[in-house]
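The primary structure of each chain is shown beneath.
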Amino acid sequence: MNQKPKGVEMKNANRVRFAPLIRVSTDKQADRGESLKTQKKQILHTVETLGGTIPDNCWIYSGQEHATAGYERQLMDRLLADSSRGMFDAVIVTENTRWSRNNRKSDEGLDILQENGIRFFIGMREIDLEDYDERDMLTVQTVFAGNIMKKMIKSSVQNRISRAMKGIPSVGNKPYGRVFKDDKWIIDSQKQLIIERIADRYIKGEKGIANLAVENKMNPAYLRTVLMERCGDGWSVTFKTTARIINELGLKSH
């Protein structure tokens, strides 16, 4: 059975080596960075209080400021793979939602840690991986957190769609040459002139899009998109989310 942590015991010669799993749930870059800093600070304080240590090579399981889809799941997969390589003695997260919001993934991950003799901490509290009452409680918390997140995602998508239907920017970058100010769209006259000149020269066959893009310090693919899709009076917006949420909102998936 895993023993509950006691600072005095852990401060003896064999200090426990912790591997922090630091992940975020927001797509906003500034919020991501702040969340990561906060988690790191909390974990450093907790590990110091417990008398443990964090090897330099165990900071790799951090979300960094990365927005690539699925990246944070890869962090957990990498940590689990490394748990059999003697790199660390324990895994620590600031709260249960940083571990997993998927019950099956959570159980599978905890089984792997248990098999490899790795201890598991949520803040100051160690979860005894051989105590199935504790495992059951963590399962309940994981399911609850997962349901909350699904509701938040659904609400976010609803709000963004509502804003888009009112003509308010709600996704990605605004169309080239357009500014949304004081609740209305305004054309940037300087950029409008640039596009008009480019279009005129392209139609006359003076130069191709690639050369025109270089002259105007633009990406050729982006310039093509602007000319072909974003010079009219409409802006098509696409929302990507799970099929289940789309169905719940009464929308069509395509």
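Along each chain, residue indices are assigned from 1 in the same order as the chain's sequence is written. Reporting in this predicted model follows two pLDDT cut-offs: at least 70 for local features of residues, and 80 or more for side-chain atom pairs to be given and counted; totals over whole chains, interfaces and linings ignore these cut-offs and use all residues. Note that water and hydrogens are dropped before the side-chain values are worked out from all heavy atoms of the structure.

A.B. asks: Which residues make up the overall build of the protein, and what are the values?
C.D. replies: Within the protein one finds 10 helices and six strands. Classification of the 254 residues of the protein by burial places 34% in the buried group. Every residue pair with non-hydrogen atoms within 4.5 Å of one another is taken to be in contact. Relative to all contacts within the protein whose residues are 6 or more apart in sequence, the contacts with residues 24 or more apart total 64%. Strands here are runs of E lasting at least two residues and helices are runs of H or I lasting at least four, both read from the DSSP assignment and numbered beginning at the N terminus. Exposure classes here rest on a 1.4 Å probe applied to the protein chains alone. A residue is buried below 20% of its type maximum, exposed above 50%, and partly exposed in between.

A.B. asks: Describe unusual backbone geometry, with residues and values.
C.D. replies: Here aspartate 183, not a glycine, exhibits a phi torsion of approximately 65°, which is positive. Looking at the secondary structure, you find aspartate 183 in the loop between strand 5 (178–181) and strand 6 (184–187). A residue is classified by how much of its surface remains accessible, and aspartate 183, at 68% relative accessible area, is exposed. Despite not being glycine, lysine 217 shows a phi value in the positive range, around 55°. Considering the arrangement of structural elements, one finds lysine 217 in the loop between helix 8 (209–215) and helix 9 (220–229).

A.B. asks: How would you summarise the packing of helix 7 (residues 189–203) against helix 9 if you had to cite specific residues and measurements?
C.D. replies: In contact at an axis separation of 11 Å, helix 7 and helix 9 are set at 90° when each is read in the N-to-C sense. The orientation of helix 7 with respect to helix 9, classified from their angle, is roughly perpendicular. Contacts between helix 7 and helix 9 involve Ile195, Ile198 and Ala199 from the first element and Leu223, Val226 and Leu227 from the second. Under the scheme applied, nonpolar residues are Ala, Val, Leu, Ile, Met, Phe, Trp, Tyr, Cys and Pro; charged residues are Asp, Glu, Lys and Arg; polar residues are all the others, including Gly. The residue makeup of the contact of helix 7 with helix 9, split by class, is six nonpolar, no polar and no charged. To define axes, lines are fitted to C-alpha atoms, for helices over the stretch in contact only, and angles between the resulting N-to-C directions are given on a 0 to 180 degree scale. Note on terminology: angles under 35 degrees are roughly parallel, angles over 145 are roughly antiparallel, angles of 65 to 115 are roughly perpendicular, and the others are oblique.

A.B. asks: Run through the confidence of the model for the protein, naming residues and quoting values.
C.D. replies: Along the chain, pLDDT gives the predictor's confidence residue by residue, from 0 to 100. Of all residues in the protein, 75% have pLDDT values of 70 or greater, and the mean over the chain is 78. Low pLDDT, under 50, characterises residues 1–13; the stretch is placed with 28 contacts to residues that sit more than four places away or in other chains. Per-residue pLDDT stays below 50 along residues 65–69; that stretch engages in seven contacts with residues further than four places along the chain or on separate chains.

A.B. asks: Talk me through the pattern of salt bridges; I want residue IDs and the actual numbers.
C.D. replies: Salt bridges are defined by distance alone: a side-chain nitrogen of Lys or Arg within 4 Å of a carboxyl oxygen of Asp or Glu. For the structure on display, the rule yields eight salt bridges. Note that glutamate 206 is salt-bridged to arginine 201, the shortest N-O span being 3.1 Å. Given a relative accessible area of 48%, glutamate 206 falls into the partly exposed group. In this structure, the salt-bridge partner of arginine 201 is glutamate 215, at a minimum N-O distance of 2.9 Å. Of this pair, arginine 201 sits in helix 7 while glutamate 215 is found in helix 8, placing the two residues 14 residues apart along the sequence. Looking at arginine 201, the relative accessible area reads 25%, which means it is partly exposed. The structure contains a network of salt bridges with shared partners spanning Arg201, Glu206, Lys207 and Glu215.

A.B. asks: Provide a residue-level description of the pairing of strand 6, including the pertinent values.
C.D. replies: Bridge count between strand 5 and strand 6: four bridges; the pairing is antiparallel. Among the inter-strand pairings, valine 179 is bridged to a residue of strand 6, identified as isoleucine 186. For two strands to be treated as a pair, DSSP must find no fewer than two bridges joining them. Counted along the chain from strand 5 to the antiparallel partner strand 6, the turn is two residues long, and its residue aspartate 182 has a positive phi close to 55°.

A.B. asks: Give me the lowdown on the side chain of serine 83, citing residues and values where you can.
C.D. replies: Relative to the helices and strands, serine 83 resides in the loop between helix 3 (71–82) and strand 2 (90–93). On the accessibility criterion, serine 83 (3% relative accessible area) is buried. Polar contacts involving the side chain of serine 83 include one to the side chain of asparagine 116, which spans 2.8 Å. When sequence neighbours within four positions are dropped, the list of residues in contact with serine 83 reads Phe88, Ile112, Leu113, Asn116 and Ile118. Under the rule applied, a polar contact is a pair of N or O atoms within 3.5 Å (in protein, one hydrogen donor and one hydrogen acceptor; residues adjacent in sequence only if both atoms are side-chain atoms).

A.B. asks: Before we move on, could you go through the nonpolar core and cite the residues and values that matter?
C.D. replies: Definition used in this section: a nonpolar core is a set of buried Ala, Val, Leu, Ile, Met, Phe, Trp, Tyr and Cys residues joined via side-chain atoms within 4.5 Å. In terms of nonpolar packing, the biggest core is built from 33 residues, with Phe18, Leu79, Phe88, Val91, Trp99, Leu113 and Phe120 touching the most fellow members. For this core, the elements supplying multiple residues, two or more each, are strand 1 (18–20), helix 2 (29–50), helix 3, strand 2, helix 5 (103–115) and strand 3 (119–122).

A.B. asks: Before we move on, could you go through the packing of aromatic side chains and cite the residues and values that matter?
C.D. replies: A pair of Phe, Tyr and Trp rings is counted when the ring centres sit within 6.5 Å of each other, with Trp represented by its six-membered ring. The angle between the planes then sorts it: under 30 degrees is stacked, over 60 is edge-to-face, the rest tilted. Inspection of every chain in the model, using the stated rule, returns five aromatic pairs. With centroids separated by 6.0 Å and ring planes inclined at 80°, the aromatic side chains of tyrosine 61 and phenylalanine 88 adopt a geometry described as edge-to-face. Here phenylalanine 88 lies in the loop between helix 3 and strand 2 and tyrosine 61 lies in the loop between helix 2 and helix 3, a separation of 27 residues in the sequence. Accessibility assignment for this pair places tyrosine 61 and phenylalanine 88 in one class, buried. The criterion is that NZ of a Lys, or CZ of an Arg, lies within 6 Å of the ring centre and within 35 degrees of the ring normal, and then a charge sits over that ring. Its guanidinium or amino end placed over the ring of tryptophan 59, lysine 40 lies 4.9 Å from that ring's centre, counting from NZ or CZ.

A.B. asks: Provide a residue-level description of the sheet that holds strand 2, including the pertinent values.
C.D. replies: Ordered in space as 1-2-3-4, the four strands form an open sheet in which the pairing is mixed. Each edge of the open sheet is held by one strand with a lone partner, namely strand 1 and strand 4 (125–127). Pairwise comparison of adjacent strand axes, ignoring direction, gives a mean angle of 30° for this sheet. As paired strands, strand 3 and strand 4 are joined by three bridges and run antiparallel to one another. Within the sheet, the bridge partner assigned to phenylalanine 120 lies in strand 4 and is isoleucine 127.

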